[in-house]
Amino acid sequence: MPDFLRLAMRVATRSFDYWGLVTCGSRFQKLSGDLRRLQLDAWKNSRFDFCRNFVRFYESLYLLIVMEEDAE
Amino acid sequence: MRITQPESFLRSEIVVIGSGPGGAVTAATLAGAGRQVLLVEEGADLPQDSCKPFTLDEMRQKYRAGGITAAFGKPSVAYAEGSCVGGGSEVNSGIYHRAPPEILDTWARDYKVDFFSPALLESHFAACEQVMHPAGYPASLPRASQILREGAAKRGMKSLDVPRLVDFGPDLDEQGVPYSQRRSMSATFVPMFLNNGGNLLAATRVEKLARHRDGWEIHARHAGMRSLLIRTDKVFVCAGAVHTPALLQRSGISQNVGKTLSLQPMVKLTAEFAEPVNFPGMGVAGEQVSEFSPEFSFGCAISSRAHLAINLADETDGVALAVNRHRHLVSYYVMSRGSLNGSVRALPGFNDPLVRYGVTQRERENLGKGIKALTRVLLAAGAMRVFTGLSDNRVIESLRQTDKLDNTLPAGFSNIMTVHLMSSCPMGEDQRKAAVNSWGRVHGHAGLYVSDVSTLCTSPGVNPQGTIMALAHRNSEHFLKV
């Protein structure tokens, strides 16, 4: 990732995690699978480009890692 | 010779910065003429088989910033660049085109490029092709290619197996199609360069260029730590469409530098078939429908299970489909010609520049028309359904449904990517528009040249590697003559 984006991405990732605290009473990483799905869908379908791109970024990375591991 | 532990001060008659198609051809041509050349590359010097093509490992090892780079705009366009010895040629699919003659004529006319025409470039294309051996499949085509060809024929379009820069091996896949290996710069021009006595210094980032008497001083950093000073008479900057203008800007050179970035925006579609169509090791087939070129074209894309899952991630149960039915799925791309609607700006205090691009209405129309045409081709070839990625009409199952597809990509569509960036330092004698002259010398700066994709005046509408190499060969031969 370009170096000028790294700090912003860290802040965004932390914000995403704490967004769960605001909306569901617990950080994203401690939510149940269903609530995580809800938060992901909310960001993925957000009217803000940034939120959609943020989820797409992590989703793509996750899929690339998991699918390649499965293929091995 | 490969320099692995450089002294803190180096001297070379000529320094070439960047070892992609522009830099490798330049370095090999100059070294072949007996000149003392140091080729400096920011990325690592890796064997071709250090990782499997189109995998996460390849992104980690050979892509700039791990492949996570974007041109910001509405929408942003994700892009990928190689960063290793061989540059982009180590990570692309090697599809080979010459720029269309009418585009070359436009460059000569609109930018006042001297001694520049399709006929004058012929010998330079031929010289590079003699080394690169662009070739189609020797026997049967992969299934993904056959599908495109069958569907295109039924829709009255012509589809071609575009030559690729690969070596076909003796081993065959399940379909009887030979496996291939990239014929990249690290397999061709870089070994030629080394055999001709050139010196290669990898893992070295050039921070800045500065005038020193009649020559240039290059301030660099090796392996992220040691500072290096390189003195030279002549410098060729060949760091690609993003990092060439960024380096020039960091060095205080800004006339028409980084103000006109172009890229060729691309979207992907995935088709599902009743029978298996996706075979292990299929890679990227070279089949393309290019009768709408240079405005837009479409062809085969990488269809590994991971890439299919990413392409289908927005669909209901798309990831499960990619997991359970990946043998029945295959991805294709639609690529539009780009405009000069982007920019590159070096940011003080950061290594990476800010890249911006605005997808234009014409590009949206090209992509919209391309999606419609490709969907019809795939359905004609027997696809059960086509996943378009559009928010309306996500899944198309019949030709009748394709009538609903808009001729313009909707404004909200954000899943656009590219692997072709260019035109950030255009060539020509028209100094209102061009950053470098007709032979790549930076206007107003003796002994400083650019010889890479940056100098293409506009988007050629096709894969640019062949044109970059021919231009680099032309500029190097001219340099040797004067």
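To be clear, the structure that these remarks concern was listed above.
The sections below set out a description of the structure shown in this document. (Residues numbered from 1 in each chain as written. Chains lettered and ligands numbered in written order. Predicted model: local features only at pLDDT ≥ 70, side-chain atom pairs only at ≥ 80, totals over all residues. Heavy atoms only, no water.)

### Some words on the side chain of Arg164 of chain B
Residues and elements named next belong to chain B. Here Arg164 is to be found in the loop between strand E6 (160–161) and strand E7 (166–172). With no salt bridge to any partner, buried Arg164 finds its closest opposite charge in Asp161, at an N-O distance of 6.6 Å. Of the polar contacts made by the side chain of Arg164, one reaches the backbone oxygen of Val284; its length is 3.2 Å. When residues no more than four places from it in sequence are discounted, the contact partners of Arg164 are Ser93, Gly94, Ile95, Tyr96, His133, Pro134, Ala135, Tyr137, Ser180, Val284, Ala285 and Gly286. (Helix = DSSP H or I, 4+ residues; strand = E, 2+ residues; numbered from the N terminus. Buried < 20%, exposed > 50% of the residue type's maximum accessible area, 1.4 Å probe, protein only. Lys, Arg positive; Asp, Glu negative; His and termini not counted. Salt bridge = Lys/Arg side-chain N within 4 Å of Asp/Glu carboxyl O. Polar contact = N/O pair within 3.5 Å; in protein donor to acceptor, adjacent residues only side chain to side chain. Contact = heavy atoms within 4.5 Å.)

### Brief notes about the nonpolar core
Residues Leu209 and Phe298 of chain B are the most contacted members of the largest nonpolar core, which totals 124 residues. Setting aside residues up to four positions removed in sequence, Leu209 of chain B forms contacts with Ile17, Trp216, Glu217, Ile218, Val235, Val237, Leu247, Leu248, Ser251 and Leu448 of chain B. Listed in part, the 17 residues of the second largest apolar core include Leu64 of chain A together with Ala306, Leu308 and Leu329 of chain B. (Core = buried A, V, L, I, M, F, W, Y, C linked by side-chain atoms within 4.5 Å.)

### A few points about the interface of chain B and chain A
Each partner contributes residues to the interface: chain B has 28 residues there, and chain A has 21 residues. The contact between chain B and chain A buries some 2100 Å² in all, and 64% of this surface belongs to carbon and sulfur atoms. Inspection of the region where chain B meets chain A yields two salt bridges. The salt bridge partner of Lys44 of chain A is Asp314 of chain B, with a shortest N-O separation of 3.3 Å. Where the side of chain B that touches chain A is concerned, the elements lending two or more residues are helix H2 (56–62), helix H8 (305–311) and helix H9 (318–324) of chain B. (Buried area = accessible area lost by both parts, 1.4 Å probe.)

### Some remarks on helix H5 (residues 143–154) of chain B
Residues and elements named next belong to chain B. Between its first and last C-alpha, H5 extends 16 Å over 12 residues, near the 16 Å set by a 1.5 Å rise per residue. Buried within H5 we find Arg143, Ala144, Ser145, Ile147, Leu148, Gly151 and Ala152. Among the structural elements, strand E15 (287–289), strand E16 (296–300), strand E17 (329–336) and helix H10 (361–380) are those in contact with the buried residues of H5. (Expected span 1.5 Å × (residues − 1).)

### Topic: the pairing of strand E10 (residues 204–212) of chain B
Residues and elements named next belong to chain B. Here E10 runs beside strand E11 (residues 215–222); their pairing, made up of eight bridges, is antiparallel. The residue of E11 that forms the bridge with Leu209 is Ile218. Hairpin connection, E10 to E11: the antiparallel pair is bridged by two residues, and Arg213 has positive phi, about 50 degrees. (Pairing = 2+ DSSP bridges.)

### Concerning a nonpolar patch on the surface
Residues and elements named next belong to chain A. There is a patch of nonpolar side chains on the surface, built from Tyr18, Trp19, Leu21 and Val22 and spanning about 400 Å² of accessible area. Take Trp19: it is sitting in helix H1 (residues 3–24). The exposure class of Trp19 is partly exposed, given its relative accessible area of 40%. (Patch = residues over 30% accessible without salt bridge, like charges linked within 9 Å, V, L, I, M, F, W, Y side chains within 5 Å. Areas by Shrake-Rupley, 256 points an atom, 1.4 Å probe, with all protein chains shown as cover.)

### A short note on the packing of helix H4 (residues 118–132) of chain B against helix H12 (residues 465–481) of chain B
Residue and element names in this part refer to chain B. H12 packs onto H4 with a crossing angle of 115 degrees between their chain directions and a minimal axis gap of 8 Å. The orientation of H4 with respect to H12, classified from their angle, is roughly perpendicular. As H4 runs across H12, the sense of the crossing is right-handed. Along its contact with H4, which presents Leu121, His124, Phe125, Ala127, Cys128 and Met132, the element H12 presents Gln465, Gly466, Thr467, Met469, Ala470, Leu471, His473, Arg474 and Glu477. By residue class, the composition of the contact of H4 with H12 is eight nonpolar, five polar and two charged. (Axes fitted to C-alpha atoms, helices over the stretch in contact; angles between N-to-C directions. Parallel < 35°, antiparallel > 145°, perpendicular 65-115°, else oblique. Left-handed = near helix turned anticlockwise from the far one by under 90°. Nonpolar A, V, L, I, M, F, W, Y, C, P; charged D, E, K, R; others polar.)

### Re the packing of aromatic side chains
Within a pair of aromatic rings, the relevant descriptors are the distance that separates the centres and the angle that separates the planes. Residues and elements named next belong to chain A. Scanning all chains against the criterion turns up 18 aromatic pairs over all chains. Measuring from ring centre to ring centre gives 4.8 Å for Phe16 and Trp43, while their planes differ by 90 degrees; the resulting arrangement is edge-to-face. Note that Phe16 is positioned in helix H1 and Trp43 in helix H2 (residues 33–44), a separation of 27 residues in sequence. Neither residue differs from the other here; Phe16 and Trp43 are each classed as buried. Among the aromatic residues, those joined into a ring-pair cluster are Phe16, Trp19, Phe28, Trp43, Phe50, Phe54, Phe57 and Tyr58. When the ring centre of Phe28 is taken as reference, the NZ or CZ atom of Arg36 above it lies at 5.5 Å. (Phe/Tyr/Trp six-rings, centres within 6.5 Å; stacked < 30°, edge-to-face > 60°. Lys NZ or Arg CZ within 6 Å of the ring centre and 35° of its normal.)

All we've got here are geometric facts, nothing functional implied.
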